Amino acid sequence: MSQQAVIDKTITFVKQQLHNAEGGHDWFHIERVWKNAKLIAASESNVDLFIIELGALLHDIADSKFHDGDDTIGPKVAREFLEKQRLDESIIEHVENIIKYISFKGGHQDQSFKSKELDIIQDADRLDALGAIGIARTFNYGGFKNRAIYNPEIKPDLNMTVEQYKKSTAPTINHFYEKLLLLKDRMNTQTGKELAQKRHEYMENFLNQFYAEWNGTL
């Protein structure tokens, strides 16, 4: 089977798996990350585009947020699918590791697996958490979890453990400080950093406008 045929089958599989997914983690999120990853990869050398495309398409196949925090399901589902495509074990293992290590989990994590392909997909995924799309996804998820939009009495917690981060029920605005505004400085590639800077500034402008409206000063 050609690489393009595998990509096409992967797209069909992901669309089926995420048919009823929450709006910020649905097929359209996957598609944006896939496009971002290809955009970033075009400016990088010595990368495996096939692995990048597979990793981007499968990176959220079973997001732990929607499986009681179990982060083993995604890699398992991806492996089972890729094995059916009769791909080399080295490819399957690489994609599996990308899914394991791509996510921002809060706290201070040491990443024990590294590759240029993971760097690119991680940047692509983080870009989709920034800017106008990032803002829309954040409030969509906050509504999905029935969280308050903002509560001035509940301050952002920048020292949460991984488990505390997973279980947080804080207002949606806090998420900007606990994750989104931190991403700009965690980008891996030069292209990712440049794109993140623009989206970061957009979010800062949004927050300034939000507080002005909240406080009745504008």
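Caption draft 1: Representation of the side chain of Glu-178 within the structure. In this fold, Glu-178 is placed in helix H9 (residues 172-178). Buried and without a salt bridge, Glu-178 has Arg-147 as its closest oppositely charged side chain, separated by 7.1 Å. At 2.9 Å, the side chain of Glu-178 and the backbone nitrogen of Asp-157 are in polar contact.

Caption draft 2: Representation of the nonpolar core within the structure. Val-14, Leu-54, Leu-58, Leu-82, Leu-87, Val-95 and Phe-176 are the most contacted members of the largest nonpolar core, which totals 53 residues. For this core, the elements supplying multiple residues, two or more each, are helix H1 (3-17), helix H2 (27-41), helix H3 (49-58), helix H4 (73-84), helix H5 (89-101), helix H6 (116-127), H9 and helix H10 (190-214). Setting aside anything within four residues of it in sequence, one finds Leu-87 in contact with Val-6, Phe-50, Leu-54, Leu-82 and Ile-92.

Caption draft 3: Molecular detail of the packing of aromatic side chains. In total, this model carries twelve aromatic pairs according to the counting rule given. Between Phe-210 and Tyr-211, the ring centres sit 5.7 Å apart and the planes meet at 85 degrees, which makes this aromatic pair edge-to-face. Given a relative accessible area of 13%, Phe-210 falls into the buried group. Counting every residue linked through ring pairs, the aromatic cluster contains Phe-139, Tyr-150, Phe-176, Phe-206, Phe-210, Tyr-211 and Trp-214.

Caption draft 4: Up close: the pattern of salt bridges. Counted under the stated rule, the structure contains seven salt bridges. Connected via shared salt-bridge partners are Arg-79, Glu-83, Glu-89 and Glu-96.

Caption draft 5: Fine view of the environment of Met-187. Within the secondary structure layout, Met-187 lies in the loop between H9 and H10. Judged by relative accessible area, Met-187 falls into the buried class, the value being 6%. In the structure, Met-187 is positioned 65 residues away from Gln-122 in sequence and 7.9 Å away in space, judged by C-alpha atoms. In this view, Met-187 contacts Asp-123, Arg-126, Leu-127, Gly-192, Lys-193 and Ala-196; residues no more than four positions away in its chain are not counted.

Caption draft 6: The side chain of Asp-123, seen in detail. Considering the arrangement of structural elements, one finds Asp-123 in helix H6. Salt bridges are absent for the buried Asp-123, whose nearest opposite-charge side chain, Arg-126, sits at 5.1 Å. Polar side-chain contacts of Asp-123 include one of 2.8 Å to the backbone nitrogen of Asn-188. Excluding residues that lie within four positions of it along the chain, Asp-123 makes contacts with Ile-40, Met-187, Asn-188, Thr-189 and Gly-192.

Caption draft 7: Layout of H6. If you check H6, its first and last C-alpha atoms are 17 Å apart, about what twelve residues at 1.5 Å a residue would give, namely 16 Å. Counted residue by residue, H6 has ten buried out of twelve residues, so it is predominantly covered. Among the residues of H6, those classed as buried are Glu-117, Leu-118, Ile-120, Ile-121, Gln-122, Asp-123, Ala-124, Asp-125, Arg-126 and Leu-127.

Cut-offs used in this document
Residues numbered from 1 in each chain as written. Predicted model: local features only at pLDDT ≥ 70, side-chain atom pairs only at ≥ 80, totals over all residues. Heavy atoms only, no water. Helix = DSSP H or I, 4+ residues; strand = E, 2+ residues; numbered from the N terminus. Buried < 20%, exposed > 50% of the residue type's maximum accessible area, 1.4 Å probe, protein only. Lys, Arg positive; Asp, Glu negative; His and termini not counted. Salt bridge = Lys/Arg side-chain N within 4 Å of Asp/Glu carboxyl O. Polar contact = N/O pair within 3.5 Å; in protein donor to acceptor, adjacent residues only side chain to side chain. Core = buried A, V, L, I, M, F, W, Y, C linked by side-chain atoms within 4.5 Å. Contact = heavy atoms within 4.5 Å. Phe/Tyr/Trp six-rings, centres within 6.5 Å; stacked < 30°, edge-to-face > 60°. Expected span 1.5 Å × (residues − 1).

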